[in-house]
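Examination of the molecular architecture
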Amino acid sequence: MVVQQEFPKETGIDHSLDLLREGYMYIPNRRHSLQRNLFETRLLGQRAICMGGKDAAGVFYDHTKFIRSGAAPKRVQKTLFGENGVQTLDGEEHRHRKQMFMSLMSKERLELLHEITYKHLDLMAADWEKRNSIRVYQEAKKLMTRVACEWAGVPLWASEVEKRAEDLSTIIESSVSMGVRYQKGKNARKRSESWMMDLIEQVRRQERMPKEDTALYTMAWHRDLQGNLLEPRVAAVELLNILRPIVAIAIYISFTTLALHQFPGQASKLKETGQDYYRQFVQEVRRYYPFFPFAGARVKEDFTWNGYHFKKGTLTLLDLYGTNHDVHLWDNPDTFYPERFTEWQGSPFDFIPQGGGDHYLGHRCAGEWVTIQVMKVVLDYMVNRLDYHAPVQDLSFSMVSMPSIPKSGIKLTDVKML
């Protein structure tokens, strides 16, 4: 007989402001102070459960226990996710829509992404040589916008790269903002959805003929479980759900550059070792530095786990950052040590920078393989094809701002192609 336990509780009327003040550390701080991997609090005026760790992730990604419908606040849907996108679906409808995304992640498509990324790095590096200095984050946003659009089959004129890159990155940066910044995110989402919707409708009118293996073609002609084409705006949201996460890799590119600077011995080690060490380095960047702080869901039906009773409809947050830094899962988690991934077995629940569980059946990010592929290409380019100088600057990054981005944007000078 399992004895029912009371959730450890954070006292107070509401802790939404505390979450904003503490950012990535809100859940880890309380897991540490309460000495529990789960606790009850109040967020956005409602009861909420926060939890972290490998076992908690395993439960959180059990589709019989949690659903995503109604979990993401409307303000996040109006900026980051878009409304009625794959992140908000459950059950067979989610699996059917997710399969559409996973069909784009074939070996051939990832190899093409590899080639496209190198091509655009060459083009942009030639320009960097002519300039006194660059900011890695600003350049990475433009790089990833070019790469994302070409890979997805989305036409992009050279004259609109900066505008589109700024809109796509604003969508990412404004999701948990307030006031003017949040409104900028909503406006950027509106412009970007209109751009995508125009393209979807052009394809359906056969005024534009993208290749059949591209995201533009796939989203335009995807049919739901009832055999109907997606509504144009929903198809636009899903096409943005390809472009936006790829542009978000600009954050990881910034942290990759920062890691090479903070841990200078790594560059020579990368040059001396094989490609597997590039994979380990990339994985450690994804584990070590902040990306998404947590993921949200709601309890599907009442259930009991480890003696704790979860009530239907309860908002539940899974600690992504804290799980990637959990001392019970990782040796010396605050040390940058790529070798920890040498024999890592690839558990879907202990390493979760872009969500956990199964890529095909669950809510783990469909673009995770894209992220790893692009990061390996950029890492190889930074180590073996570029020479540069990083002047004195503020290389700190906030654990409060979500997403976190190095404050200086990582300034480089004297950039030369090798």
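Look a little higher up for the structure.
Residues numbered from 1 in each chain as written. Predicted model: local features only at pLDDT ≥ 70, side-chain atom pairs only at ≥ 80, totals over all residues. Heavy atoms only, no water.

Structural notes on the side chain of Arg31
Just so we agree on the cut-off: Secondary structure elements follow DSSP: runs of H or I of four or more residues count as helices, runs of E of two or more count as strands, with numbering from the N terminus. Burial classification: accessible surface area is computed with a 1.4 Å probe over protein chains only, and a residue below 20% of its type maximum counts as buried, one above 50% as exposed, and the rest as partly exposed. Contacts described as polar in this section are N or O atom pairs within 3.5 Å, which, within protein, must combine one atom able to donate a hydrogen with one able to accept it, while residues neighboring in sequence count only if both atoms come from side chains. Whether two residues are in contact is decided by their heavy atoms, any of which lying within 4.5 Å being enough.
Tracing the backbone shows Arg31 in helix H2 (residues 26-34). Given a relative accessible area of 9%, Arg31 falls into the buried group. A polar contact is formed between the side chain of Arg31 and the side chain of Asp326, at a distance of 2.8 Å. If we skip the residues at most four places from it in the chain, Arg31 touches Arg36, Asn37, Phe39, Gly52, Gly53, Asp319, Gly322, Thr323 and Asp326.

Brief notes about the pairing of strand S5 (residues 294-299)
Cut-off, in case you're wondering: When DSSP finds at least two bridges between two strands, those strands are taken to pair.
Bridge count for strand S3 (residues 66-67) against S5 is two bridges, and the pairing is antiparallel. Within S5, the position partnered with Ile67 by the bridge is Arg298.

Notes on the sheet that holds strand S10 (residues 411-417)
Rule in force here: To define axes, lines are fitted to C-alpha atoms, for helices over the stretch in contact only, and angles between the resulting N-to-C directions are given on a 0 to 180 degree scale.
Strand order in this open sheet of three strands is S4-S10-S9, and the pairing throughout is antiparallel. The open sheet has two free edges, formed respectively by strand S4 (133-135) and strand S9 (386-389), since each of these has just one partner strand. Ignoring strand direction, the axes of neighbouring strands in this sheet form an average angle of 50°. Two elements, S4 and S10, share three bridges in a ladder whose sense is antiparallel. In the strand pairing of S10, Arg135 is matched with Lys411. Docked against the sheet, helix H6 (residues 107-128) engages S4, S9 and S10, running at close to 110° with respect to S10.

Some points on the pattern of salt bridges
For clarity, the cut-off: A carboxyl oxygen of Asp or Glu within 4 Å of a side-chain nitrogen of Lys or Arg is what we treat as a salt bridge.
A complete count under the given rule lists 29 salt bridges for this structure. A salt bridge links Arg131 to Glu139; the nearest nitrogen and oxygen atoms lie 3.0 Å apart. The exposure class of Arg131 is partly exposed, given its relative accessible area of 30%. Glu139 sits in the buried class, given a relative accessible area of 4%. Between Arg205 and Glu207 there is a salt bridge, and its shortest N-O distance comes to 2.9 Å. Judged by its relative accessible area of 49%, Arg205 is partly exposed. Relative accessible area serves as the criterion here: at 55%, Glu207 is assigned to the exposed category. Shared partners join several salt bridges into a network, and the residues in it are Asp127, Arg131, Glu139 and Lys142.

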